[in-house]
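One-letter residues, chain by chain:
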Amino acid sequence: MRIRIVDAFADRPFTGNPAGVLLLDAFPDDDRLQSVALEVNHAETAFAHPLPEGGEADWALRWFTPATEVDMCGHATLATAHVLHTTGAHQGPVRFATRSGVLLATPAEDGSITLDFPTAPLTRVEIPAGVAEALGAEPLACLDTGPHVGDLLVELADEKTVHALRPDHKALAAHSRRGVIATARAENADLGYDFVSRCFFPNVGIDEDPVTGSAHTALAPYWAERLGRTALTGLQASPRTGRVRTELCGDRTLLSGRAVTVIEGELLA
């Protein structure tokens, strides 16, 4: 069983978000998948196997954090598409059958990959009591991101506030199903990004996720409305950092980025 570690939403090693990727003949039992994900111990490990020709999808795909299976994961999908493309296991666009429906990943000649994901439905909510204290900053607005993303999206005053966050992760866990997305408008658009974000997911065993594709299915519609443009670039301001190009297409959001394979080996157990 080959296992690869891929840095996604990255154009060089040791940046972006690392994901484990395993291409299988079929899925073993869930306990086995969870044990491998715990051993890999990255934010997500992706497991994929090919499907019969002629169906609505080419590969089945599942994602596990070290603690649980999740409904949607952008960076591990990008990592899986990168492995399929670079190893020759699949050529051209690939359709993944997932918990979130069929997701399309399309490689480009420049080496980037574009993911076609469902746009998160945003619902403005009252600022929950205790969120400001848990986050360490006063929200300007809070939105629910729907069932598949499962986060509380919080706009903060400015980019500096997002960078400076030192949240109480245990306290944050009470305020959403997965976690909290903190965001603000970019202070200087000349630097090549339109908004910043950081993502804290204590409920799935991830205090801070380095770069989160699924979060950008909520960030894209939020900032598209605020900034009046459908094509934007987000900077996720984690210590590893990463950029996600987004394009809002109604009920679908396109997420584009690169990936780099940094480790390849054999799972012996």
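The structure reproduced in this document is the subject of the present report. (Residues numbered from 1 in each chain as written. Predicted model: local features only at pLDDT ≥ 70, side-chain atom pairs only at ≥ 80, totals over all residues. Heavy atoms only, no water.)

1. Here we look at the layout of surface pockets
In plain terms, the rule: In this analysis the probe radius is 1.4 Å and the grid spacing 1 Å, with only protein atoms considered; a cavity is a set of points the probe fits into but cannot get out of, a pocket is an open set with protein on both sides within 12 Å along at least five of seven lines, and lining residues have an atom within 4 Å of a point. Grid points are joined across faces, edges and corners, and a volume is the space filled by probe spheres set on the points. The residue classification treats Ala, Val, Leu, Ile, Met, Phe, Trp, Tyr, Cys and Pro as nonpolar and Asp, Glu, Lys and Arg as charged. All others, Gly included, are polar.
The space that makes up the largest pocket amounts to roughly 290 Å³. Phe-9, Ala-10, Asp-11, Gly-242 and Arg-243 are, among the 16 residues lining the largest pocket, the residues nearest its centre. When the residues that make up the lining of the largest pocket are grouped by side-chain class, the tally is three nonpolar, seven polar and six charged.

2. Comments concerning the packing of aromatic side chains
Pairs of aromatic rings are described using the distance from one ring centre to the other and the angle between the two planes. To be explicit about the condition: Only Phe, Tyr and Trp rings take part, Trp by its six-membered ring, and two of them pair if their centres are within 6.5 Å. Stacked means planes under 30 degrees apart, edge-to-face means over 60, and tilted covers everything else. Strands here are runs of E lasting at least two residues and helices are runs of H or I lasting at least four, both read from the DSSP assignment and numbered beginning at the N terminus. The classification of residues rests on relative accessible area computed with a 1.4 Å probe and restricted to protein chains. Under 20% of the type maximum is buried, over 50% is exposed, and intermediate values are partly exposed.
Summed over all chains, the structure comprises three aromatic pairs. For the ring pair Phe-47 and Phe-64, a centre distance of 5.8 Å and an interplane angle of 85° mean the geometry is edge-to-face. With Phe-47 in strand β3 (residues 44–50) and Phe-64 in strand β4 (residues 59–64), the pair connects residues that are 17 residues apart, well separated along the chain. Pair check on accessibility: Phe-47 and Phe-64 agree, each one buried. On the numbers, 6.1 Å between centres and 10° between planes, the contact of Phe-195 with Trp-223 is stacked. Of this pair, Phe-195 sits in strand β13 (residues 195–201) while Trp-223 sits in helix α7 (residues 216–227), and the two are 28 residues apart along the sequence.

3. Let's talk about empty space enclosed by the protein
The final tally for this structure, using the stated rule, is two cavities of 30 Å³ or more. Here the largest cavity defines a volume of roughly 60 Å³. Taken together, 14 residues make up the lining of the largest cavity; nearest its centre are Glu-44, Arg-178, Phe-201, Asp-209 and Thr-212. Those elements that provide at least two residues to the lining of the largest cavity are α2 (74–87) and β14 (206–209). Of the residues contributing to the lining of the largest cavity, the split by class is six nonpolar, five polar and three charged. By volume, the second largest cavity is sized at about 30 Å³. What lines the second largest cavity is simply Ala-81, Leu-84, His-85, His-90, Gly-92, Val-94, Ala-105 and Pro-107. Every element with two or more residues in the lining of the second largest cavity is listed here: α2 and β7 (101–107). Among the elements that make up the lining of the second largest cavity, the one with the highest residue count is α2 (three residues). In the lining of the second largest cavity, the residues fall into five nonpolar, three polar and no charged.

4. Concerning α2
So the rule is basically this: A helix's residues, less one, multiplied by 1.5 Å, set its expected span.
Relative to the 20 Å expected for 14 residues at 1.5 Å per residue, α2 spans 20 Å between its end C-alpha atoms, a close match to the ideal helical length. Burial of α2 is extensive: eleven of the 14 residues sit out of reach of the surface. For α2, the full list of buried residues reads Gly-74, His-75, Ala-76, Thr-77, Leu-78, Ala-79, Thr-80, Ala-81, His-82, Val-83 and Leu-84. Directly beyond the C-terminal end of α2, a positive phi value near 80° is found at Gly-88.

5. Quick look at the pattern of salt bridges
Going by this rule: Whenever a carboxyl oxygen of Asp or Glu lies within 4 Å of a side-chain nitrogen of Lys or Arg, that contact is scored as a salt bridge.
Evaluation of the coordinates by the stated rule reveals 14 salt bridges. Arg-62 is paired through a salt bridge with Glu-69; the nearest N and O atoms lie 2.8 Å apart. Residue Arg-62 shares its accessibility class with Glu-69, and that shared class is buried. Arg-226 serves as the salt-bridge partner of Glu-155, at 2.5 Å between the closest nitrogen and oxygen. Of this pair, Glu-155 sits in strand β11 (residues 151–155) while Arg-226 sits in helix α7, and the two are 71 residues apart along the sequence. One network of salt bridges, with partners in common, ties together Asp-30, Arg-62, Glu-69, Asp-71 and Arg-99.

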